[in-house]
Amino acid sequence: QVQLVQSGGGLVQPGGSLTLSCAVSGNIASITAMDWIRRSAGNQRDLIAHISSTGTTDYAESVKGRFTISRHSDYAKNTNTVYLQMNNLKPEDTALYYCKVLTTTRRGEYWGQGTQVTVSA
């Protein structure tokens, strides 16, 4: 079993920055990769950032060069946190952002509760 709790998000002006966090607890040894996914007003879900267990990252073209995904493992506390640093935000980045972890458990994937990011003047 894996639990995810997201934080961060909110309202920011164009050109501003925000950092999203996703704290993961439970069976963190089963985690193979971590993603950030967003759902825009058109209800389309886009995978925007991915980080593997080895630290390899990948980004959607729409956010490449502006967003950075990273992860931090705290084995003493048995937690794993994935971050999404978002710079030079644009109105089209407005969306509901979700973290997702992929695991070796039978369930496979777990999702955070989602957090709203609104970019507007």
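Residues numbered from 1 in each chain as written. Predicted model: local features only at pLDDT ≥ 70, side-chain atom pairs only at ≥ 80, totals over all residues. Heavy atoms only, no water.

Peer 1: Just to check I follow, could you spell out the overall build of the chain for this structure?
Peer 2: When you go through the chain residue by residue, the secondary structure sums to 0 helices and 11 strands. Counted from the first residue to the last, the chain has its helices and strands arranged as β-β-β-β-β-β-β-β-β-β-β. Taken over the C-alpha trace, the chain has a radius of gyration of 14 Å; the compact-globule value for 121 residues is 14 Å, and the two agree within 12%. Projected onto the principal axes, the alpha-carbon positions of the chain cover approximately 40 × 25 × 25 Å. Working note: accessible area of the chain is about 6,200 Å², and carbon and sulfur atoms make up 48% of it. (Helix = DSSP H or I, 4+ residues; strand = E, 2+ residues; numbered from the N terminus. Rg over C-alpha atoms; globule rule 2.2 N^0.38 Å. Areas by Shrake-Rupley, 256 points an atom, 1.4 Å probe, with all protein chains shown as cover.)

Peer 1: I tried to follow the state of the cysteines on my own but got confused; where do I start?
Peer 2: Note on terminology: disulfide describes a covalent bond linking the sulfur atoms of two cysteines. This structure, assessed with the given rule, holds 1 disulfide. Each sulfur of the disulfide joining Cys 22 and Cys 99 lies 2.0 Å from the other. On the sign convention where negative is left-handed, the bridge of Cys 22 and Cys 99, at about 55 degrees about the S-S bond, is right-handed. With a gap of 77 residues between them, Cys 22 in strand β3 (residues 18-26) and Cys 99 in strand β9 (residues 95-103) connect regions that are remote in the sequence. Taking the relative accessible area as the measure of exposure, Cys 99 reaches 0% and is therefore buried. (Disulfide = S-S within 2.5 Å. Buried < 20%, exposed > 50% of the residue type's maximum accessible area, 1.4 Å probe, protein only.)

Peer 1: So what exactly am I meant to see when it comes to the nonpolar core here?
Peer 2: A general trend in soluble globular proteins is that nonpolar side chains are found buried together. Grouped together as the largest cluster of nonpolar side chains are 30 residues, with contacts concentrated most on Val 24, Trp 36, Ile 48, Leu 84, Met 86 and Tyr 97. For this core, the elements supplying multiple residues, two or more each, are β1 (2-7), β3, β4 (31-39), β5 (45-52), β7 (67-74), β8 (79-86), β9 and β11 (115-119). (Core = buried A, V, L, I, M, F, W, Y, C linked by side-chain atoms within 4.5 Å.)

Peer 1: For this particular structure, what's the right way to read unusual backbone geometry?
Peer 2: Only a minority of non-glycine residues have a phi that is not negative, and only a minority of peptide bonds are not trans. With a phi close to 55 degrees, Asn 78 is a non-glycine residue in the positive phi region. Its identity as a non-glycine residue notwithstanding, Asn 88 has a phi of 50 degrees, on the positive side. As for its placement among the helices and strands, Asn 88 is situated in the loop between β8 and β9.

Peer 1: Even after reading the chapter, I still don't get the side chain of Thr 81, so can you show me in this structure?
Peer 2: Within the element layout of this structure, Thr 81 appears in strand β8. Of the residues examined, Thr 81 reaches a relative accessible area of 14% and is grouped as buried. Once you skip the residues sitting within four places of it in the chain, Thr 81 turns out to touch Cys 22, Ala 23, Ser 70, Arg 71 and His 72. (Contact = heavy atoms within 4.5 Å.)

Peer 1: Even after reading the chapter, I still don't get the sheet that holds β8, so can you show me in this structure?
Peer 2: Taken in spatial order, the 4 strands make up an open sheet running β1-β3-β8-β7, and their pairing is antiparallel. Every other strand in the sheet has two partners, leaving β1 and β7 as the edge strands with one partner each. Strand-to-strand twist in this sheet, taken as the mean axis angle between neighbours without regard to direction, amounts to 15 degrees. Bridge count between β1 and β3: 6 bridges; the pairing is antiparallel. (Pairing = 2+ DSSP bridges. Axes fitted to C-alpha atoms, helices over the stretch in contact; angles between N-to-C directions.)

Peer 1: I'm lost on the confidence of the model for the chain in this one. Help?
Peer 2: In low-pLDDT segments, the atomic positions of the prediction should not be examined closely. With 100% of its residues at a pLDDT of 70 or more, the chain has an overall mean of 95. Mean pLDDT across the secondary structure elements of the chain bottoms out at β7, with 94, and peaks at strand β6 (residues 57-59), with 98. (pLDDT = per-residue confidence, 0-100.)

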